[in-house]
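So you can see what is in the structure, the chains are spelled out below.
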Amino acid sequence: MRLFIAIELPAEIKRQLEKMDMRMSGCRWVPAEQIHLTLAFLGEVDGVTLKRLTGALAAIRAPGFTLRFSGTGCFPDRRRPRILWAGLEPQPKLDALVSLVREAVLACAIPQEERPFSPHITLARLKLPAPREVEAFLMGNRALELPPADVREFVLFESSLTSRGAVHTPVKAFPLAARPISDKTPQGT
Ligand code: 2AM
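Let me sum up the structure you'll find in this document.

Cut-offs used in this document
- Residues numbered from 1 in each chain as written.
- Predicted model: local features only at pLDDT ≥ 70, side-chain atom pairs only at ≥ 80, totals over all residues.
- Heavy atoms only, no water.
- Helix = DSSP H or I, 4+ residues; strand = E, 2+ residues; numbered from the N terminus.
- Rg over C-alpha atoms; globule rule 2.2 N^0.38 Å.
- Contact = heavy atoms within 4.5 Å.
- Areas by Shrake-Rupley, 256 points an atom, 1.4 Å probe, with all protein chains shown as cover.
- Lys, Arg positive; Asp, Glu negative; His and termini not counted.
- Charge placed at Lys NZ, Arg CZ, Asp CG, Glu CD.
- Buried < 20%, exposed > 50% of the residue type's maximum accessible area, 1.4 Å probe, protein only.
- Pairing = 2+ DSSP bridges.
- Phe/Tyr/Trp six-rings, centres within 6.5 Å; stacked < 30°, edge-to-face > 60°.
- Near = heavy atom within 4 Å.
- Polar contact = N/O pair within 3.5 Å; in protein donor to acceptor, adjacent residues only side chain to side chain.
- 1 Å grid on protein atoms, 1.4 Å probe; cavity = no way out; pocket = protein on both sides within 12 Å on 5 of 7 lines; lining within 4 Å.
- Sits in = over half its atoms within 2 Å of the grid points.

Details of the overall build of the protein chain
Okay, step 1: Across its full length, the protein chain carries four helices and 10 strands.
Okay, step 2: Relative to its length of 189 residues, the protein chain is compact, with a C-alpha radius of gyration of 18 Å against a globular reference of 16 Å.
Okay, step 3: Principal-axis analysis of the C-alpha atoms gives the protein chain an extent of 60 × 40 × 30 Å.
Okay, step 4: Intrachain contacts of the protein chain at a sequence separation of at least 6 include 75% that bridge at least 24 residues.
Okay, step 5: With an accessible surface of roughly 11,000 Å², the protein chain has 53% of that area assigned to carbon and sulfur atoms.
Okay, step 6: In the protein chain, the 26 positive side-chain charges and the 20 negative ones have mean positions that sit 1 Å from each other.

Next up, the structure:
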């Protein structure tokens, strides 16, 4: 199975992100049902490793948090844009969750990129760099306004590559604590 771990966004936010679609040659916009925040990409994983992985992910104890959106950008840079994304305000609880997820994944001997986590929501992929159109898109969406999103779980997804593109299917969801772990003091103490 080809797997990745991500955070699902509320349907209303996905609809709004999908609507940012701007015509650009050689550009594929991510359909609303596939928009997500990737925490870790795993690639092909066998059945035995998958079992270990779900155990390791279920053992993660981390608090829920709120994501706030902040503008748009592109990778790798504005001269050769290949990926357009919506950005997020820094959220230390998200960074902490990604560290725990990466530890769990590495503990199952699934290799991870060494690159530091750069939170982004991929909106479009460009086959051909189109710097002028992308510049117009980024300028037009500098003040991107979206409601905040409360995150209460992270999800292990399967990505099946079909002739009509990738299909993402949730394999298992892992809940986050409803309030900060540090708030939880045992009853009667
Ligand atoms: P991104 O676009 O959010 O950065 C599911 O395929 C997700 O895993 C994609 O949305 C992409 O994240 C990430 N992904 C896909 N292929 C990848 C690869 N070869 N290396 C790293 N991340 C990948």
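Once the structure has been displayed, the description carries forward.
With respect to the pairing of strand 7 (residues 120-126)
Okay, step 1: Most of strand 7 sits inside the fold, with five of its seven residues counted as buried.
Okay, step 2: Sheet topology note: the strand 2 (residues 27-29)/strand 7 ladder contains three bridges and is antiparallel. Bridge assignment links Cys-27 to a residue of strand 7, and that residue is Leu-126.
Okay, step 3: Pairing of strand 6 (residues 83-88) with strand 7 involves five bridges; the strand directions are antiparallel. Directly across from Gly-87, in strand 7, lies its bridge partner His-120.

Side note on the packing of aromatic side chains
Okay, step 1: Across all of its chains, the model carries four aromatic pairs by this definition.
Okay, step 2: Geometrically, the ring pair formed by Phe-154 and Phe-174 is stacked, given 5.2 Å between the ring centres and 20° between the ring planes. Of this pair, Phe-154 sits in strand 9 (residues 153-162) while Phe-174 is found in strand 10 (residues 165-175), placing the two residues 20 residues apart along the sequence.
Okay, step 3: For Phe-154, a relative accessible area of 0% puts it in the buried group.

Some thoughts on the site of the ligand
Okay, step 1: Taken together, the residues surrounding the ligand are Arg-2, Phe-4, His-36, Thr-38, Phe-41, Glu-113, His-120, Thr-122 and Arg-125.
Okay, step 2: The separation between an oxygen atom of the ligand and a polar side-chain atom of Thr-38 is 2.7 Å.
Okay, step 3: Here the ligand has 470 Å² of accessible area as a free molecule, and 68% of this is covered by the chains.
Okay, step 4: In this structure, the ligand is accommodated by the largest pocket.

So far we have only geometry, and geometry alone does not tell us how the molecule works.
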